[in-house]
There are 2 protein chains.
Amino acid sequence: MAAFRVEVRVMPRASLLDPQGQAVEHALHALGFAEVGTVRVGKHLVLQLIAASRDEATARARSMCDRLLANPVTEDFEVAVESA
Amino acid sequence: MAAFRVEVRVMPRASLLDPQGQAVEHALHALGFAEVGTVRVGKHLVLQLIAASRDEATARARSMCDRLLANPVTEDFEVAVESA
């Protein structure tokens, strides 16, 4: 068994409205950052994980996304695994 | 002027408690993911930006983090800029 560091990025689907991103966009404009266009806001998670292999760590992390970390209807996720 | 895609990662400082991360950790354990250790949760933002150069885009994005996107007391941020 080995230790892995898993980075998970969860973002709202491109085809869906992102109210949090719109709020940030408007706030940046109000602060004078007129050069900003679309803003999208998602989550970034860093997990410490014990697994037999990198492949197993990736599979487990994807399973965590399916079951808890991402909303399958509204969000997409990416998983990156490296040795801890 | 050129268009850039800016990715900003905002994470709670390593030395601070992360209640949201602890909540996710406990929820993963309750779902049977016993192999998970520490979890930390931050934000991931993707911004479209117009700037004269990559350096200017980076500087403006860092300024946005200082003024709005990150809490300087509790959070660290990283900025990555690529041509859009």
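Reading the values: the criteria
- Residues numbered from 1 in each chain as written.
- Chains lettered and ligands numbered in written order.
- Predicted model: local features only at pLDDT ≥ 70, side-chain atom pairs only at ≥ 80, totals over all residues.
- Heavy atoms only, no water.
- pLDDT = per-residue confidence, 0-100.
- Contact = heavy atoms within 4.5 Å.
- Buried area = accessible area lost by both parts, 1.4 Å probe.
- Salt bridge = Lys/Arg side-chain N within 4 Å of Asp/Glu carboxyl O.
- Polar contact = N/O pair within 3.5 Å; in protein donor to acceptor, adjacent residues only side chain to side chain.
- Helix = DSSP H or I, 4+ residues; strand = E, 2+ residues; numbered from the N terminus.
- Pairing = 2+ DSSP bridges.
- Axes fitted to C-alpha atoms, helices over the stretch in contact; angles between N-to-C directions.
- Parallel < 35°, antiparallel > 145°, perpendicular 65-115°, else oblique.
- Nonpolar A, V, L, I, M, F, W, Y, C, P; charged D, E, K, R; others polar.
- Core = buried A, V, L, I, M, F, W, Y, C linked by side-chain atoms within 4.5 Å.
- Buried < 20%, exposed > 50% of the residue type's maximum accessible area, 1.4 Å probe, protein only.
- Lys, Arg positive; Asp, Glu negative; His and termini not counted.
- Least-squares fit on C-alpha atoms with pLDDT ≥ 70 in both.

**Brief notes about the confidence of the model for chain A**
Inference 1: Here chain A averages 97 in pLDDT, and 100% of its residues register 70 or above.
Inference 2: Predicted complex, confidence summary: ipTM 0.92, pTM 0.93.

**A short note on the interface of chain A and chain B**
Inference 1: At the junction of the two partners, chain A supplies 31 residues and chain B supplies 31 residues.
Inference 2: Summed over both sides, the interface between chain A and chain B buries roughly 2,800 Å², with carbon and sulfur atoms accounting for 62% of that surface.
Inference 3: Three residues, Phe33, Glu35 and His44 of chain A, lead the burial of chain A against chain B; their summed loss comes to 22% of the area buried on that side.
Inference 4: Joining chain A to chain B, the criterion identifies four salt bridges.
Inference 5: Among the ionic pairs, Arg60 of chain A bridges to Glu35 of chain B, the shortest N-O distance being 2.4 Å.
Inference 6: Our count for the contact surface shared by chain A and chain B stands at 16 residue pairs in polar contact (both at pLDDT 80 or more).
Inference 7: Sort the elements by how many residues they give to the side of chain A that touches chain B and strand β2 (residues 36-51) of chain A lands first, with 15 residues.

**Topic: the sheet that holds strand β3 (residues 75-83) of chain A**
Inference 1: Across the sheet, which stays open at both edges, the six strands sit in the order β3(A)-β1(A)-β2(A)-β2(B)-β1(B)-β3(B) with antiparallel pairing between neighbours. Of all the strands in the sheet, just β3 of chain A together with β3 (75-83) of chain B have a single pairing partner and so form its edges. The average undirected angle you get between the axes of adjacent strands in this sheet is 20°.
Inference 2: Sheet topology places strand β1 (residues 2-12) of chain A next to β3 of chain A; nine bridges connect them, and they run antiparallel. By the bridge assignment for β3 of chain A, Glu7 of chain A is matched with Ala80 of chain A.
Inference 3: The strands that helix α1 (residues 19-30) of chain A touches are β2 of chain A together with β2 (36-51) of chain B; relative to β2 of chain A, the one it contacts most, it runs at about 125°.

**Considering the packing of α1 of chain A against helix α2 (residues 54-69) of chain B**
Inference 1: Their axes nearest at 11 Å, the elements α1 of chain A and α2 of chain B cross at an angle of 105°. On the basis of their axis angle, the class for α1 of chain A and α2 of chain B is roughly perpendicular. Here α1 of chain A contributes Val24, Ala27 and Leu28 of chain A to the contact with α2 of chain B, which in turn contributes Met64, Leu68 and Leu69 of chain B.
Inference 2: Taken together, the residues of the contact of α1 of chain A with α2 of chain B break down into six nonpolar, no polar and no charged.

**Quick word on the nonpolar core**
Inference 1: One finds Leu45 and Leu47 of chain B to be the most contacted residues of the largest nonpolar core, which totals 23 residues.
Inference 2: Contributing elements (two or more residues each) for this core: α1 and β2 of chain A together with β1 (2-12), β2, α2 and β3 of chain B.
Inference 3: In this structure Leu45 of chain B touches Val24, Val39, Arg40 and Val41 of chain A together with Val6, Glu7, Val8, Val10 and Leu69 of chain B, once residues within four positions along its chain are discounted.

**Notes on the side chain of Glu75 of chain B**
Residues and elements named next belong to chain B.
Inference 1: Looking at the secondary structure, you find Glu75 in strand β3.
Inference 2: Comment: no salt bridge for buried Glu75; closest opposite-charge side chain is Lys43, at 4.2 Å.
Inference 3: Among the polar contacts listed, one links the side chain of Glu75 to the backbone nitrogen of Asn71, at a separation of 2.8 Å.
Inference 4: Filtering out sequence-adjacent residues up to four positions away, Glu75 remains in contact with Val10, Met11, Pro12, Arg13, Lys43, Leu69 and Ala70.

**Considering the relation of the copies chain A and chain B**
Inference 1: Rotating chain A by 180° and translating it 0.0 Å along the rotation axis places it on chain B, where the RMSD comes to 0.0 Å. Taken together, the turn and the small shift mark the pair as related by a two-fold rotation axis. Judged by C-alpha distance, Lys43 of chain A is the residue of chain A that lies nearest the rotation axis, at 2.2 Å.
Inference 2: When the interface residues of chain A are mapped onto chain B, 100% of them are again interface residues, pointing to one common binding face.

**Examining the pattern of salt bridges**
Inference 1: Applying the stated criterion across every chain yields a total of 10 salt bridges over all chains.
Inference 2: Connected via shared salt-bridge partners are Arg5, Glu7 and Glu82 of chain A together with Arg9 of chain B.

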